[in-house]
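Here is how the chains run, residue by residue.
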Number of protein chains: 2
Amino acid sequence: MDLNNQASKTKFTDFPYVSGPHRNLMVDLVSTLETRLGSQLLPCTLPPDVQYYQNETGTNHASLHIRSGLASSPVDFILGSWLHCELPTGGALNITSLSSYLNQTTDAPNFLLELIQSSPTSLVLILDLPPRKDLVLHPDYLQTFYQDTQLDTPRQRLDKLAEAKPYFSSSLYIRSVVSPTAILVRIEAEADGQGQSLEEIIENHVGPIAKEVLGVWLDKCACGKREVEEDERAYLKKRDDLIKRKTIEIDLGSNFPRLFGPDAADRVLGAIKEVYRV
Amino acid sequence: MDLNNQASKTKFTDFPYVSGPHRNLMVDLVSTLETRLGSQLLPCTLPPDVQYYQNETGTNHASLHIRSGLASSPVDFILGSWLHCELPTGGALNITSLSSYLNQTTDAPNFLLELIQSSPTSLVLILDLPPRKDLVLHPDYLQTFYQDTQLDTPRQRLDKLAEAKPYFSSSLYIRSVVSPTAILVRIEAEADGQGQSLEEIIENHVGPIAKEVLGVWLDKCACGKREVEEDERAYLKKRDDLIKRKTIEIDLGSNFPRLFGPDAADRVLGAIKEVYRV
């Protein structure tokens with residue numbers, strides 16, 4: 001296999017290592033997001049070796065996709081990625097993610113989706129509109145974005161699925177960042193062909209719920225008008241930046257050099273820090 | 001049964017309607033708290049008809065116990081209660097609780113314990129040190145009180161219990177108030193005598209964990225020295241007061257008049273608002 005040739009051909013939206021339903025869902029979500037926000041987004045200008053990269057031995061592959069919002073848009077940027085890593089135990093780890101960050105002209109929540117598949121039958125789903133304010137001090141904000149939007153209903157629906165169990169991130173900081181309606185579940189499909197397969201669960205349960213939550217985010221957050229005073233913008237910036245710095249520290253900063261070597265990790269983290277502006 | 005006579009005889013620490021292990025646990029926790037903080041606490045000065053009260057028909061009984069901290073103490077007050085309500089469906093609802101609030105000379109977390117038993121085999125446990133700051137903006141605070149104290153370990157231990165399932169409060173505000181290491185579980189013991197009874201689970205699992213978490217609170221929060229600047233005290237007061245007002249609104253304010261009639265509800269809520277100073 002010619003890896004350089006593969007690199008030039010592999011696109012973010014190919015999602016080449018995941019199942020059909022998983023790929024279809026990601027393509028659908030990216031397409032919904034980019035169609036709805038398209039006129040507010042600049043093209044992806046990442047260098048080719050950040051849009052697609054791999055480790056030296058060719059066991060780990062990944063793609064990054066970032067589009068910044070126009071200066072006139074409340075969208076700061078959207079960020080999509082996929083990652084495929086062969087596991088030393090056999091099998092592979094596949095992560096696909098899509099997130100969308102708003103800038104400080106609005107205080108509306110961001111969008112966050114992550115699908116972490118560590119075996120053919122096991123999936124962790126993280127799906128949330130992370131709040132950008134302390135909800136305890138701002139019950140009106142909680143009411144507007146989480147209560148009135150009935151965001152707990154899709155969480156409850158998935159909670160009823162026998163294969164889904166609540167998932168607790170090992171990072172207490174990540175647990176603090178998410179909203180009280182966050183969907184954090186580990187789905188374990190049965191390996192013996194009894195019951196639904198993971199592909200069926202993605203198609204019939206995860207997919208509809210992810211689309212519903214993205215729809216709420218697009219309607220109420222990305223396209224909802226909010227007034228933000230000057231001093232509140234400074235507060236939002238401080239909180240937004242801290243979350244970005246901590247996310248890099250907890251997640252990417254420790255794992256990327258190990259998975260892709262120092263050079264690729266530097267390139268990719270550099271591109272993320274640039275758009276994060278931290 | 002002479003209800004007035006019963007009223008004068010029934011004490012908070014009697015916990016007269018719950019099982020032996022449940023009662024022993026509550027008595028142990030109250031005693032640990034009052035022994036350790038005793039010299040900082042004023043006696044309970046609630047009127048007798050607030051220390052013990054009931055509804056007109058004598059189906060619902062409750063007790064409230066409040067001791068304020070001395071002016072020199074970081075303890076604002078401790079609040080204990082129990083409640084017994086006959087259910088229209090037969091059976092009874094029994095709630096016992098113990099909480100401890102610090103004042104604004106410290107920013108350390110509060111202590112919160114609630115045991116909600118709605119049937120002989122079903123128990124909801126709420127056990128937490130609710131933070132008094134936005135953890136997203138204060139990762140050092142998260143590190144000090146939740147990471148370094150390893151407060152997630154007892155949560156994980158209880159999570160492994162087959163009879164325990166994560167519990168989600170119906171109030172999104174309450175979900176926002178608790179910490180990322182909060183223990184929020186519904187324990188369903190088997191009714192058929194197979195496996196552990198609820199009493200055994202309280203004695204062997206809930207009890208040791210509740211004592212451990214109270215120990216952390218006493219060592220690191222009630223007795224740990226913290227420096228709090230003047231402007232931060234105003235922030236803490238705003239946040240503390242908002243939580244108290246919302247707690248009354250969500251929980252007590254709507255349920256007490258229904259369960260105990262308007263007169264008893266007014267008396268008891270009045271006493272709570274007085275110590276809450278909201």
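Cut-off values and rules
- For every chain, the first residue of the written sequence is number 1, and numbering continues from 1 along that sequence.
- The order in which chains are written sets their letters, starting at A; the order in which ligands are written sets their numbers, starting at 1.
- Thresholds applied to this predicted model are a pLDDT of at least 70 for local features of residues and 80 or more for the giving and counting of side-chain atom pairs; totals over whole chains, interfaces and linings are not thresholded and use all residues.
- The basis for every side-chain value is the complete set of heavy atoms in the structure, and neither hydrogens nor water enter the calculation.
- Interaxial angle, 0 to 180 degrees, is taken between N-to-C directions of lines fitted to C-alpha atoms, where a helix line uses only the stretch in contact.
- Starting at the N terminus, helices and strands are each numbered in turn, a helix being any DSSP run of H or I of at least four residues and a strand any DSSP run of E of at least two.
- Orientation is classified from the angle alone, with under 35 degrees giving roughly parallel, over 145 giving roughly antiparallel, 65 to 115 giving roughly perpendicular, and any other angle giving oblique.
- We call two residues in contact whenever any of their non-hydrogen atoms come within 4.5 Å of each other.
- In this classification, the charged set is Asp, Glu, Lys and Arg, the nonpolar set is Ala, Val, Leu, Ile, Met, Phe, Trp, Tyr, Cys and Pro, and all remaining amino acids, among them Gly, are polar.
- Each residue gets one of three labels from its accessible area relative to the maximum for its type: buried under 20%, exposed over 50%, partly exposed in between, using a 1.4 Å probe on protein chains only.
- What makes two strands pair is DSSP finding at least two bridges between them.

The name given to chain A in an unreviewed UniProt entry is Red chlorophyll catabolite reductase, chloroplastic, with the source organism recorded as Prunus mume.

A.B. asks: Before we go on, may I ask you to explain the packing of helix α5 (residues 152-159) of chain A against helix α7 (residues 198-222) of chain A in this structure?
C.D. replies: To characterise two packed helices, one gives the angle between the axes of the helices and the distance between these axes. Residue and element names in this part refer to chain A. For the pair α5 and α7, the least separation of the axes is 10 Å and the interaxial angle reads 170°. Judged by the angle between their axes, α5 and α7 are roughly antiparallel. The residues of α7 that touch α5, namely those facing Pro154, Arg157 and Leu158, are His205, Ile209, Glu212 and Val213. Of the residues assigned to the contact of α5 with α7, the class counts are 4 nonpolar, 1 polar and 2 charged.

A.B. asks: Would you mind going over the pairing of strand β8 (residues 183-188) of chain A with me for this structure?
C.D. replies: Residues in a regular strand point their side chains to alternate faces of the sheet. All names here are of chain A. The alternating pattern of β8 places Ile183, Val185 and Ile187 on a buried face, while none of Leu184, Arg186 and Glu188, on the opposite face, is buried. Bridge analysis of strand β6 (residues 122-128) against β8 gives 6 bridges, and the strand direction is antiparallel. Of the residues in β8, the one forming a bridge with valine 124 is arginine 186. As defined by bridge partners, strand β7 (residues 164-166) adjoins β8 across 3 bridges and the pair is classed as antiparallel.

A.B. asks: Would you mind going over the pairing of strand β3 (residues 75-86) of chain B with me for this structure?
C.D. replies: Residues and elements named next belong to chain B. Counting buried positions along β3 gives 11 out of 12 residues, so the element sits mostly inside the fold. One ladder, built from 9 bridges, connects strand β2 (residues 60-68) with β3; its direction is antiparallel. By the bridge assignment for β3, leucine 64 is matched with serine 81. Counting the residues in the hairpin turn of β2 and β3 gives 6 residues. Note that β3 and strand β4 (residues 92-102) share 11 bridges and pair antiparallel. Counterpart to histidine 84 in the pairing with β4 is asparagine 94. In this antiparallel pair of consecutive strands, β3 and β4, the connection spans 5 residues, and glycine 90 shows a positive phi of 90°.

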